[in-house]
Amino acid sequence: MAERSPAAGRGRGAEGARDALRAASKGAGIAWPSLTLDGVSLVGVFPRPLLDLGRRMPQRARGLAGVVPG
């Protein structure tokens, strides 16, 4: 039986956001080596899912800064 709680829906929504970011980034030539959901933000009575964008080397962060519209 599938979970139908609001918390489960927020988790699925966060997974969808993660997948959308990964797909869009791939199209722009950006790789996220450890893009995932933050496990701590998924627990509790009122979970507030967060994406963990992972750790980056400084030169990769500069490259990202160069492609993000601002």
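Since the model is a prediction, treat every value here as computed from it, not as a measurement. One numbering rule holds for all chains: residues counted from 1, following each sequence as written. Per-residue local features of the predicted model are confined to residues with pLDDT of at least 70, and side-chain atom pairs are confined, for both listing and counting, to 80 or more; whole-chain, interface and lining totals are unaffected and use all residues. Side-chain metrics in this entry use all non-hydrogen atoms of the structure; hydrogen atoms and water are not considered.

### Remarks on the overall build of the protein
Argument step 1. Secondary structure elements are taken from DSSP: a helix is a run of H or I of four residues or more, a strand is a run of E of two residues or more, and numbering for both begins at the N terminus. Counting its secondary structure elements, the protein contains two helices and two strands.
Argument step 2. Secondary structure elements of the protein, listed N to C terminal, follow the sequence α-β-β-α.
Argument step 3. Taken over C-alpha atoms, the radius of gyration is set against a globule rule of 2.2 Å times the number of residues to the power 0.38. A compact globule built from 70 residues would reach a C-alpha radius of gyration of about 11 Å, whereas the protein, at 15 Å, exceeds it by more than 25%.
Argument step 4. Taken along its principal axes, the extent of the C-alpha atoms in the protein is 45 × 20 × 20 Å.
Argument step 5. Across the 70 residues in the protein, those meeting the buried criterion constitute 17%.
Argument step 6. Carbon and sulfur atoms make up 60% of the accessible area of the protein, which totals about 5,400 Å². For the exposure calls, accessible area comes from a 1.4 Å probe over protein chains only, and a residue counts as buried if that area is under 20% of its type's maximum, exposed if over 50%, partly exposed in between. A 1.4 Å probe and the Shrake-Rupley method give the accessible areas. Residues count as covered only by the protein chains that appear here.

### Things to note about the pattern of salt bridges
Argument step 1. Should a side-chain nitrogen of Lys or Arg be within 4 Å of a carboxyl oxygen of Asp or Glu, the pair is scored as a salt bridge. This structure, assessed with the given rule, holds two salt bridges.
Argument step 2. A salt bridge links Arg 18 to Asp 19; the shortest N-O distance between them is 3.0 Å.
Argument step 3. Assessed through its relative accessible area of 18%, Arg 18 is described here as buried.
Argument step 4. Through salt bridges that share partners, Arg 18, Asp 19 and Arg 22 make up one connected network.

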